[in-house]
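# Breakdown of the fold
If you want the building blocks of each chain, they are given just below.
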Amino acid sequence: MSAAPGAKKPYGAMAPDVDRFAFTPENLEEAKRILARYPPGRQASAVLPLLHLAQAQHGGWLPKAALDYVAEFLGMAKIRVYEVASFYDMFNIEPVGRVQVRVCTTTPCWLCGSDAVLKAAREVLGCEPGESSPDGRFYLREFECLGACANAPVLWIDDDFYEDLTYERAKAVLEAVVRGERPEPGPQSGRKGSMPAGGKTTLLEVGE
Amino acid sequence: MPKLTIDGEIVEVPPGSTVLQACEAAGREIPVFCFHPRLNIAGNCRMCLVEVEKMPKPQASCALPAADGMVVHTDSPTVHRARKGVLELLLINHPLDCPICDQGGECDLQDLTLFYGPDKSRFKENKRPVADKYLGPLISTHMTRCIHCTRCIRFLNEIAGVEELGAVHRGEHMEITSWVEAALTSELQGNIIDLCPVGALNSKPYEYRARTWELKKTESVDVLDAVGSSIRIDSRGNEVMRILPRLHEEVNEEWLADKSRFAYDGLKKRRLDVPMLRKAGRLEPVDWKTVLAAVADRVRATDPSRIAFLVGDQVDCETMVLVKELAERLGTPHVECRQDGSPLGIRPRAQYLFNTTIAGIEQADVCLLVGTNPRWEAPLVNARIRKRWRRGGFTVGRIGVPFDLTYPVHDLGAGPATLEEVAHGWHSFAEKLAAAERPMLILGMGAIARPDGAAVLGLAHRLAESVRLLRPGWNGFNLLHTAAARVGGLELGLVPGPGGRDLAGILAGIERGEIELVFSIGVEEVDPKRLEKAFVVHLGTHGDRTAPIASAILPGAAYTEKNATWVNLEGRPQRGRLAVFPPGEAKEDWRILRALSEAVGRTVPLDTPAQVRARMAELAPQLGELDRIRPAEWGSFGRAGPVDPAPFRSPIEDYWRTCPISRASAVMAECSALAAARAREATGTHG
Ligand code: SF4
Ligand code: FES
Ligand code: FES
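Residues numbered from 1 in each chain as written. Chains lettered and ligands numbered in written order. Predicted model: local features only at pLDDT ≥ 70, side-chain atom pairs only at ≥ 80, totals over all residues. Heavy atoms only, no water.

## Comments concerning the overall build of chain A
This is how the line gets drawn: Note on conventions: DSSP H or I runs of at least 4 residues are helices, E runs of at least 2 residues are strands, and numbering of each starts at the N terminus. Burial here depends on accessible area, computed with a 1.4 Å probe over protein chains only, as a share of the maximum for the residue type. Under 20% is buried, over 50% is exposed, and the range in between is partly exposed. Contact definition: two residues touch when any of their heavy atoms are within 4.5 Å.
Assigned secondary structure in chain A consists of 7 helices and 6 strands. Traced from its N-terminal end to its C-terminal end, chain A shows the element sequence α-α-α-α-β-α-α-β-β-β-β-α-β. Per-residue burial over chain A gives 46% buried out of 208 residues. A sequence separation of at least 24 residues applies to 65% of the contacts in chain A between residues at least 6 apart.

Dropping the structure here:
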């Protein structure tokens, strides 16, 4: 995922629907840089990064005008962009809260206690999965495997993963986010990355 | 060539074939939904499962390349179980509303379920609801019935060349839609109704009007453009209920353009159904005898040199034989079938034919379009060009006003000056044409139906010679007609005889009072103001442009109401068939002229269709055999002269309304209004 400029600012209500959309000058530069990665005639491949960019710019969801804009930008048929945006779960094509809170509930996370994480999220945000919080700031979702099963259960907030969660840890992270803070991402258990939970068992002779 | 064993029988298929094709070659029928021989393979419905030895699971035969030594079973218990399973799954979310579905009776899902499917459902849960989509005035949708074969998407992407339909969301939530409820713009969109294997996409004008099994099916040909597509007219009682394409590989393949498919409601509106005579300035209904007597009196009272015959765009060859015979008997040389004022002569024939043939486009490697917008003038010719382009190694150049043709086109220039450059070899495109193996030129009416047309035609001839459009076994010179009647008229020689006046001459003659009596045989594209001064006898079908200024009206039969011959732009004679009878007192056109000749006392001795056709074959032997093209002789045509710098413009600005039938059609009017609104939006000139 590309960086989401502006994502770390304090959050208000959900971004409004608009009939016109254009990249900000910084994002336009970024879009051009992304476009340059693809060979001529294959610019359509840039559709995913550009949609992420547009979504971040527009506060977490893609209005129709943004899809049209990206289509125009890449010289693609509009329906093709709509197909892509509606296919991937990471894109929201309806207004949602600016902060995206996703709880992984696939088997490994579920076995390690994702139900508790979901419970914490419901309580702290005050909404059900698939809904935005009453103040319109947060959007809560259940997600399928985020690919970090070794640190299950996992919570994904905007661009950051919070791992090794329990009910309390999840609650603490979310409450901090609600206060407008961003706790240090990664395992919340104190372990480093996905090293064994009980300390190193192999490669003992290699220095830290 | 791979050799396969299909149900114990050995077949050999060309390399690159699929197992499905191999099974078909072995005479096995494999049920399919998503597979279509003219579309890319999608392999998403799984209906075509077969068992291949050494493969652990049943295989989708449509997407499996045939390999040497494969042993395939299409009739084993596994295959039957697999088909049953696929159908059960497809039916899970299908509403099973066949009794109220338009597709009922011609539905692949219904048929295949009957043959291979389960007889009851084990699905107790709720079915998935899907909202219907708005796709415009031509196609209605029932999206709960969709089985996601994606044929409709692939057709529009690949064949029609407009990316307007897509599959949004995913898995169980997948839906087919246009970009947020926008009407489709393609002029070939009706074909997705035929392609849809279920009743998800239906014809909006035909919806809920009839059941398929109560329709009489008449095989005929279309006359709304000059392509001569093969059609099937479905009628009930004396009403045309719908029009569908019929397979003709060399002409329309299995497609049909939307005007030809949907304009039929225009056959039921504004019809001329009683003879009329103008009395004290008003047209009043009279009987046939009176009208013929009145016209005959007028003819007898008029000097033959002051009588002219003009022939319109949809007139059949039988009628034109009568026109020729009658004009000859009356002694007037002023006969003109080139209603658009083009300078085409009748010899050599090559100047007015699409010599490459429509199927021949697929052999060409370079193509130059001059003064034509094939997408509006002949959508299925354009679809062939696009088909050729998709195969690669094909360059298209254009001289004329740019227009999106659904494939890339090099714009060389807009007017005759560029054509001059290419013809003289000063333009680099001339080298491209000369270096090509099979170059072709498509000359549109927009280039020659103008005052300097003869000189433009001369330039085109010069170009043909200079880049050698004619090679052994290849004629790359093509004229793209827009009128179904034109080639027939030229074949029969309906051009001014010695001392005769052409269109401009006749119109000028009317102005100066030198032409007093004009027979308008289905003429609708000539400015009626210019005919007004003459006594106009109008033989036509609709109260369109000419009827209001006519002095006598002879109501004729539309193309669905007669057995008659038309010659398409390739020079292919084809027979249309009567599906319904003409309305009211209207009659077959040639019979009207025959009766008129008798009333005038100059009887044309042709009494039966067989006699008329025998005479037609005498006048133009090439029309003697149906559906056969006789290659045309080459020679010189056009003439040298000054050209006007004005750019070449297609004669068709509004695709949806080009003839009396389509102008009378409410469906076409809606399409036309939509297209106009879209154009306004695109150019930003609102209001
Ligand atoms: S609408 Fe018809 S043609 Fe299109 S995907 Fe659905 S079933 Fe197939
Ligand atoms: S299951 Fe949650 S990250 Fe894989
Ligand atoms: S026909 Fe083969 S998968 Fe649909």
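Following the structure, the description resumes.
## Description of the interface of chain B and chain A
Operational definition: What gets called buried area is simply the loss in accessible area from a 1.4 Å probe that two parts show on being joined, summed for both. The term salt bridge refers to a side-chain nitrogen of Lys or Arg lying within 4 Å of a carboxyl oxygen of Asp or Glu. Polar contacts, as used here, are pairs of N or O atoms within 3.5 Å; protein pairs need one atom able to donate a hydrogen and one able to accept it. Residues neighboring in sequence count only if both atoms are side-chain atoms. Ten residues, namely Ala, Val, Leu, Ile, Met, Phe, Trp, Tyr, Cys and Pro, are considered nonpolar, four, namely Asp, Glu, Lys and Arg, are considered charged, and the remaining ones, Gly among them, are considered polar.
Each side of the interface is counted separately: chain B has 14 residues, and chain A has 13 residues. Here chain B meets chain A over a buried area of about 1,200 Å², counting both sides, of which 62% is carbon and sulfur. Taking the shortest distance from any N to any O, the salt bridge between glutamate 163 of chain B and arginine 80 of chain A comes out at 2.6 Å. Put simply, chain B and chain A have 8 residue pairs in polar contact (both at pLDDT 80 or more) between them. Of all elements in the fold, only helix H4 (151-160), strand S7 (165-168) and strand S8 (175-178) of chain B reach the threshold of two or more residues within the side of chain B that touches chain A. Of all the elements, S7 of chain B adds the most residues to the side of chain B that touches chain A, at 4 residues. Residues that form the side of chain B that touches chain A fall into these classes: 6 nonpolar, 5 polar and 3 charged.

## Considerations on the packing of helix H6 (residues 114-125) of chain A against helix H7 (residues 167-178) of chain A
All names here are of chain A. Our working definition: To obtain an axis, a line is fitted to C-alpha atoms, over the contacting stretch when the element is a helix, and the angle between two such axes runs from 0 to 180 degrees between their N-to-C directions. Should an angle fall under 35 degrees it is taken as roughly parallel, and over 145 as roughly antiparallel, whereas 65 to 115 is taken as roughly perpendicular and any remaining angle as oblique. When the near helix sits turned anticlockwise from the far one by under a right angle, the crossing is termed left-handed; a clockwise turn instead gives a right-handed crossing.
Interhelical geometry of H6 versus H7 gives an angle of 30 degrees and a closest axis separation of 8 Å. If you check the angle between H6 and H7, you find them roughly parallel. Helix-helix and strand crossings are classified by hand; for H6 and H7 the assignment is right-handed. Across from Ala116, Val117, Lys119, Ala120, Ala121, Glu123, Val124 and Leu125 in H6, the residues of H7 making contact are Tyr167, Ala170, Lys171, Leu174, Glu175 and Val178. For the contact of H6 with H7, the residue count by class is 10 nonpolar, no polar and 4 charged.

## Section: the pattern of salt bridges
According to the stated counting rule, one finds 66 salt bridges over all chains in the structure shown. Among the ionic pairs, arginine 182 of chain A bridges to aspartate 160 of chain A, the shortest N-O distance being 3.9 Å. Here aspartate 160 of chain A lies in strand S5 (residues 160-163) and arginine 182 of chain A lies in the loop between H7 and strand S6 (186-187), a separation of 22 residues in the sequence. Through salt bridges with shared partners, one network takes in Arg38, Glu249, Glu253, Glu254, Glu362, Arg384 and Lys387 of chain B.

## A closer look at the site of ligand 1
Put simply, the test is: In these notes, residues near a molecule or strand are those with any non-hydrogen atom within 4 Å of it.
Taken together, Cys146, Ile147, His148, Cys149, Thr150, Cys152, Ile176, Cys196, Pro197, Val198, Ala200 and Leu201 of chain B are the residues near ligand 1. In terms of residue class, the shell around ligand 1 is built from 10 nonpolar, 2 polar and no charged.

## Focus: the pairing of strand S27 (residues 564-567) of chain B
Residues and elements named next belong to chain B. Applied cut-off: Should DSSP find at least two bridges between two strands, the strands are taken to pair.
Across the two faces of S27 the burial is the same, with Ala564 and Trp566 and Thr565 and Val567 all buried. Here S27 pairs with strand S28 (residues 573-576) via 4 bridges, running antiparallel. Looking at the pairing, valine 567 lines up with proline 573 of S28. In this structure, the hairpin formed by S27 and S28 is closed by a connection of 5 residues, where glycine 571 is found at a positive phi of approximately 90 degrees.

## Details of unusual backbone geometry
Cis geometry is found at the peptide bond from alanine 152 of chain A to proline 153 of chain A, where omega equals -5 degrees. The topology assignment puts proline 153 of chain A in the loop between strand S3 (138-143) and strand S4 (155-157). We note that aspartate 7 of chain B has phi near 45 degrees; this positive angle belongs to a residue other than glycine. Of note, aspartate 7 of chain B is situated in the loop between strand S1 (3-6) and strand S2 (9-12). Here leucine 96 of chain B, not a glycine, exhibits a phi torsion of approximately 55 degrees, which is positive. Locating leucine 96 of chain B in the fold gives a position in the loop between helix H2 (77-92) and helix H3 (108-116).

## Remarks on the packing of aromatic side chains
What counts here: Two rings from Phe, Tyr or Trp (for Trp, the six-membered ring) form a pair when their centres sit within 6.5 Å of each other. Planes less than 30 degrees apart are called stacked, planes more than 60 degrees apart edge-to-face, and all others tilted. Two limits define a charge over a ring: the Lys NZ or Arg CZ must be within 6 Å of the ring centre, and within 35 degrees of the ring normal.
Enumeration over the complete set of coordinates arrives at 18 aromatic pairs over all chains. On the numbers, 5.1 Å between centres and 90 degrees between planes, the contact of phenylalanine 23 of chain A with tyrosine 69 of chain A is edge-to-face. Placement of the pair is phenylalanine 23 of chain A in the segment before helix H1 (25-35) and tyrosine 69 of chain A in helix H3 (residues 64-74), with a sequence separation of 46 residues. Each member of the pair phenylalanine 23 of chain A and tyrosine 69 of chain A is classed as buried. Members of the aromatic cluster, joined through ring pairs, are Phe21, Phe23, Tyr69 and Phe73 of chain A. Directly above the ring of tyrosine 167 of chain A sits lysine 119 of chain A, whose terminal nitrogen or CZ lies 4.7 Å from the centroid. Across the ring face of phenylalanine 87 of chain A, the terminal group of arginine 170 of chain B is positioned such that the distance to the ring centre comes to 5.1 Å.

Read these as spatial facts, not as claims about activity.
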